Amino acid sequence: RGAITYSAAVSACETGEQWPQVLQLLRELADSRVERCTITYNAAVRAGAKGKQWSQALQLFREMADNRVERDTTTYNAAVSACETGEQLVQA
C-alpha cells in the first residue's frame, strides 16, 4: 500500500463516518514505511469531526506537527470544525 491508497481509504471512511476504521488505517500507516501526508491526515481530522471525536481529531492535528507533516488551510478548517462539533470553541 502506498500513500495514495491510504489517503483514498481514509477519505472513504470519512465519507462513510467510519471512525474506528480510520484509526485502524492510521495505525497501519504508522507501522508501514509509507510516508504520512497532509491529505491522509486531513481526511482523518475531518472524520474525527464528523464522528464527534473532537479530542482525537485535535490529537491528530498535533500529531501532524510532531511528524513534520504540513498542515494547510483544510487541516485548520477541519480542526476548527472538530472543536465546533464538540462545543470546544475555546480550543478553536
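Look up: the structure comes first, before these words.
Residues numbered from 1 in each chain as written. Predicted model: local features only at pLDDT ≥ 70, side-chain atom pairs only at ≥ 80, totals over all residues. Heavy atoms only, no water.

**Side note on the side chain of Thr-38**
Secondary-structure assignment places Thr-38 in helix H3 (residues 38–50). Once residues within four sequence positions are removed from consideration, Thr-38 is found in contact with Met-64, Val-69, Glu-70, Asp-72 and Thr-75. (Helix = DSSP H or I, 4+ residues; strand = E, 2+ residues; numbered from the N terminus. Contact = heavy atoms within 4.5 Å.)

**Regarding the pattern of salt bridges**
Evaluated as defined, the whole model comprises three salt bridges. When the shortest N-O distance is used, the salt bridge between Lys-50 and Glu-14 registers 3.3 Å. Of this pair, Lys-50 sits in helix H3 while Glu-14 sits in helix H1 (residues 3–15); the two residues are 36 residues apart in sequence, bridging distant segments of the chain. Given a relative accessible area of 7%, Glu-14 falls into the buried group. Taking the shortest distance from any N to any O, the salt bridge between Glu-63 and Arg-36 comes out at 3.9 Å. (Salt bridge = Lys/Arg side-chain N within 4 Å of Asp/Glu carboxyl O. Buried < 20%, exposed > 50% of the residue type's maximum accessible area, 1.4 Å probe, protein only.)

**Brief notes about unusual backbone geometry**
A positive phi is found at Lys-52, a non-glycine position, where the angle reads about 60°. Note on placement: Lys-52 falls in the loop between H3 and helix H4 (54–66). Positive phi outside glycine occurs at Arg-68, with the angle close to 55°. Along the chain, Arg-68 falls in the loop between H4 and helix H5 (73–85). On the accessibility criterion, Arg-68 (79% relative accessible area) is exposed.

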